[in-house]
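Descriptive structure summary
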Amino acid sequence: MEKKIYLDNAATTKTRPEVVEAMLPFFADFYGNPSSVYEFATQNKKAIDDSRSIIAKAMGADISEIYFTGSGTEADNWALKATVDAYASKGNHIITSKIEHHAILHTCEYLQKHGVEVTYVDVDENGIIKLDQLEKAIRPTTVLISVMFANNEIGTIQPMKEIGAIAKKHNVLFHTDAVQAFGQLDINVNDLNIDMMSASAHKLNGPKGIGFLYIRKGVKIRSMIHGGGQERQRRAGTENVPSIVGYGKAVEIAMATMKDRTEKELKLRDRLMKRVLEEIPFVRVNGDKIRRLPNNANFSFQFIEGESLLIMLDMNHICASSGSACTSGSLDPSHVLLAIGLPHEIAHGSLRLTVSDEITEEDIDYTVDRIKEIVDKLRKMSPLYEDFMKKK
């Protein structure tokens, strides 16, 4: 079997062996329900709190401010829906951006159907939110601003400190979807005035099916899932102890390796971007070239369909994507690329490559060589490209 080059780490990451090893005892040996009172169960409660402490420390939070969820998507839903419910006496208006993950956008659509007013703020051509428009959108009835920390498709990092300052100035709660950023970037929720933050383990070499919502002390949102007193009365359901333990271990490793890991990813990403831009004509990089995640490269190739490119890369044992894994199979162009001003025909030719520290320079060179061949082949089959070259 030929080596598979995995370049879709924004969709999910490989669970580290150390994480799996930490989880295993909690499936068959330490299987007690942490809500029970006997010692066999309370040791599991301690394991949960140990992971909660690791995560809290990683973001400058208090251990009592971390609440485990089933995913980052659940955490996003909880933050928006519960805030609207809890602060209904103040108003029913929330603000977000046009390039959020669908976990936010679809939740906003749901809330709009139930009478909530939502303002979608524009971004510039690099995907950075327009701060003046954001501040002007605030009303006396605004209860929440929700802006993602870093975009999952184009990698752009938002000006979080400025957004947090605007929210604090106007006494509006600030939530951020940090699923792509947590473990990749230094985050301190107090320095950034973040009131709520969502994250997910499987984006940083942890298990799937576990996330958390950070809720600052004093934010009065309550449970969205009812049925028990777990997570200090805020999230019912027996805790997923093995995954919570795995999450803690993954965060511990991510924080210890962040500096060296991101330095390597930056070198690989920059090598990838440089070669593609220099060696393939009619291509652009999407997203801010400086304010972006260290492992993210997003390209748009003119005169080709991204789906065809992905299929042919897969045939060459390269795993990539055209955008969010949550919209795979959709024929619509990326809402993120449309929001930064790309026309449909160029947005359709997009490719997202996200590296990890296990990727080598040889992997990058092999990938670029295959992209060059595939793009050239697809363009030769394109009547649009043929017409363009004749006119040129």
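Residues numbered from 1 in each chain as written. Predicted model: local features only at pLDDT ≥ 70, side-chain atom pairs only at ≥ 80, totals over all residues. Heavy atoms only, no water.

On to the overall build of the protein chain. A count of helical and extended segments in the protein chain gives 14 helices and 12 strands. What you see for the protein chain is a C-alpha radius of gyration of 22 Å, in line with the 21 Å of a compact globule of 392 residues. Judged by the C-alpha coordinates and their principal axes, the protein chain covers about 75 × 55 × 35 Å. Within the span of the protein chain, comprising 392 residues, buried residues form 56% of the whole. In the structure as shown, the protein chain presents an accessible area of about 17400 Å², 53% of it carried by carbon and sulfur atoms. Charged side chains of the protein chain number 49 positive and 53 negative; the gap between the two group centres comes to 3 Å. (Helix = DSSP H or I, 4+ residues; strand = E, 2+ residues; numbered from the N terminus. Rg over C-alpha atoms; globule rule 2.2 N^0.38 Å. Buried < 20%, exposed > 50% of the residue type's maximum accessible area, 1.4 Å probe, protein only. Areas by Shrake-Rupley, 256 points an atom, 1.4 Å probe, with all protein chains shown as cover. Lys, Arg positive; Asp, Glu negative; His and termini not counted. Charge placed at Lys NZ, Arg CZ, Asp CG, Glu CD.)

Looking now at the pattern of salt bridges. In the structure shown here, the tally under the stated rule is 27 salt bridges. The salt bridge partner of D49 is R52, with a shortest N-O separation of 3.6 Å. A residue pair is termed a helical-turn pair when its members lie 3 or 4 positions apart in one helix, as D49 and R52 do in helix α3 (residues 39-58) at three residues. Judged by relative accessible area, D49 falls into the partly exposed class, the value being 26%. For R52, a relative accessible area of 5% puts it in the buried group. As a salt-bridge pair, E252 and K249 come within 3.1 Å of each other at their nearest N and O atoms. With E252 and K249 both in helix α9 (residues 241-279) and three residues apart, the pair spans about one turn of that helix. Looking at E252, the relative accessible area reads 37%, which means it is partly exposed. One network of salt bridges, in which partners are shared, links R271, R275, E279, E361, D365, D369 and K372. (Salt bridge = Lys/Arg side-chain N within 4 Å of Asp/Glu carboxyl O.)

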